[in-house]
Amino acid sequence: MENNNQKVIRISRKKLIISLVILAVFGLVIGIILNSLSTARMKSAPSIETGMAPLISDGRFAYPDYYNEQSDITDTREFLKTSYSATLKTRDVSEVVKEVKNAIRDVEGRIDRMNSSEKYGQISFVVPKSRFEEFRSEIESLTYAKLYTENISSQNLLSQKQGIEEQTENILSTLESLKKQKDDLALKHTQVINSINREITRIRAELANVRSTMAGATEPSVITLLRNQESSLTGQEIIQKQKLSGENNNYAVQNQNLERLIINENNNLTNINKQDSQFANNIETVNGTVRIYWISVWNLIKEYSPIPPWILIILIIIMGRYWLVRKGYLSRIELV
């Protein structure tokens, strides 16, 4: 029931329109400022290194140059390395951080780094690829769909695998060559040693014959001749013994060098096999980071409201005033 004693406020239509325009502009500016402050707070949140490929501007993951090398186009194998990044918004950051930790442990993953505060949290981790979808579903269920974003990127590391295979092939080829050189060296050494020993055996046999003959000789001229032969054969024996010693020393040095090279190549083979094993383990895991941001009530309303919150506030004020005017608590406004 209308109150006849209710005060009436008369307002110029022109002034009202101008005032409404000013209020609308003011509300729009306030909304833009609040949105900018919220975005700035999210960008200024602390970050830590994750051990995974960094994100570039379009949301993809950037990989080192050796991941992007051109692979043989005829090789159609796939060695996909998956990286995962998710952002969650919540009113209770610490609780969500605990839930993320539990989700990682539930799939037998590993936490590498963690940072948690009242308004920001971040966890870097590794989980088995075989249980990644289970983990991903668990993380997605920790908040509402509009408060969850994710980025999943996979890169075929075929070029890295081909590099490991090429190094392995080169090492095996080098090892085979070194072992053949070692076998050839031993064979040649044996042949040379046998030849020298045969020559020494011949010289010694002749020397024994000369000495036997000399023991029964009586003529001075014959004895002199036999002594000259003995001296010559003795010199030849010394030369052959020197050759034998030189051959043994030379063989020992060359054989030792080859053995050292073979040991080095075997060590290289062990290292490249470790790299291959690490590569396989890397492929079978997913590196990821989950970031948790605190969200204000204002931003929560903005996420779910089909219209801007400031318009809602204006509508609520208008409806509230209309109700108060009807009840007679406020003065009526008439346009003139």
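Residues numbered from 1 in each chain as written. Predicted model: local features only at pLDDT ≥ 70, side-chain atom pairs only at ≥ 80, totals over all residues. Heavy atoms only, no water.

> Where do I start with the pairing of strand S2 (residues 80-90) in this structure?
Consecutive side chains of a regular strand alternate in pointing toward one face of the sheet and then the other. In terms of burial, S2 is a largely internal element, 10 of the 11 residues being buried. Pairing of S2 with strand S6 (residues 285-294), which is carried by 9 bridges, proceeds in the parallel orientation. Bridge pairing in S6 places Thr82 opposite Val286. (Buried < 20%, exposed > 50% of the residue type's maximum accessible area, 1.4 Å probe, protein only. Helix = DSSP H or I, 4+ residues; strand = E, 2+ residues; numbered from the N terminus. Pairing = 2+ DSSP bridges.)

> Quick question: what am I supposed to make of the packing of aromatic side chains here?
A ring pair, where both rings are aromatic, is described by two values, the distance of the centres and the angle of the planes. Here the structure, examined in full by the defined rule, presents 6 aromatic pairs. Three or more aromatic residues joined by ring pairs form one cluster here, namely Tyr84, Phe125, Phe132 and Phe135. Lys119 extends its terminal NZ or CZ atom over the ring of Trp294, reaching a point 4.4 Å from the ring centre. (Phe/Tyr/Trp six-rings, centres within 6.5 Å; stacked < 30°, edge-to-face > 60°. Lys NZ or Arg CZ within 6 Å of the ring centre and 35° of its normal.)

> I'm lost on the pattern of salt bridges in this one. Help?
A side chain of one charge can pair with a side chain of the opposite charge when the charged atoms of the two come close. For the structure on display, the rule yields 14 salt bridges. Arg77 is the partner of Asp75 in a salt bridge, and the nearest nitrogen-oxygen pair spans 2.8 Å. Among the residues examined, Asp75 registers a relative accessible area of 18% and is labelled buried. Among the residues examined, Arg77 registers a relative accessible area of 31% and is labelled partly exposed. When the shortest N-O distance is used, the salt bridge between Lys180 and Asp184 registers 3.0 Å. Residue Lys180 and its partner Asp184 are both found in helix H4 (residues 158-216); the two are separated by 4 residues, about one turn of the helix. On the basis of relative accessible area, Lys180 is assigned to the exposed category, the value being 51%. One salt-bridge network, held together by shared partners, links Asp75, Arg77 and Glu165. (Salt bridge = Lys/Arg side-chain N within 4 Å of Asp/Glu carboxyl O.)

> Help me understand the packing of H4 against helix H5 (residues 220-283) in this model?
For any two helices packed against each other, the geometry comes down to the angle between their axes and how far apart the axes lie. Remark: H4 packs on H5, axes separated minimally by 8 Å, with the N-to-C direction vectors making an angle of 165 degrees. Classified by the angle their axes make, H4 and H5 are roughly antiparallel. Between H4 and H5 the crossing geometry is left-handed. (Axes fitted to C-alpha atoms, helices over the stretch in contact; angles between N-to-C directions. Parallel < 35°, antiparallel > 145°, perpendicular 65-115°, else oblique. Left-handed = near helix turned anticlockwise from the far one by under 90°.)

> Any chance you could explain the nonpolar core here in plain terms?
Generally speaking, nonpolar side chains in soluble globular proteins are found buried as a group. Counting residues in hydrophobic clusters, the biggest one holds 20 residues, and the most contacted among them are Tyr84, Val100, Phe125, Val127, Phe135, Ile139 and Val290. Not counting the four nearest positions on each side in its chain, Phe135 is found in contact with Tyr84, Ala103, Ile104, Val107, Phe125 and Val127. In this structure, Leu175, Leu178, Leu269 and Phe279 belong to the second largest nonpolar core, which totals 15 residues. (Core = buried A, V, L, I, M, F, W, Y, C linked by side-chain atoms within 4.5 Å. Contact = heavy atoms within 4.5 Å.)

> Quick question: what am I supposed to make of a nonpolar patch on the surface here?
A surface patch of nonpolar side chains, amounting to about 620 Å² of accessible area, comprises Ile17, Val21, Val25, Phe26, Val29, Ile30 and Ile33. Turning to its location among the elements, Phe26 is positioned in helix H1 (residues 13-43). (Patch = residues over 30% accessible without salt bridge, like charges linked within 9 Å, V, L, I, M, F, W, Y side chains within 5 Å. Areas by Shrake-Rupley, 256 points an atom, 1.4 Å probe, with all protein chains shown as cover.)

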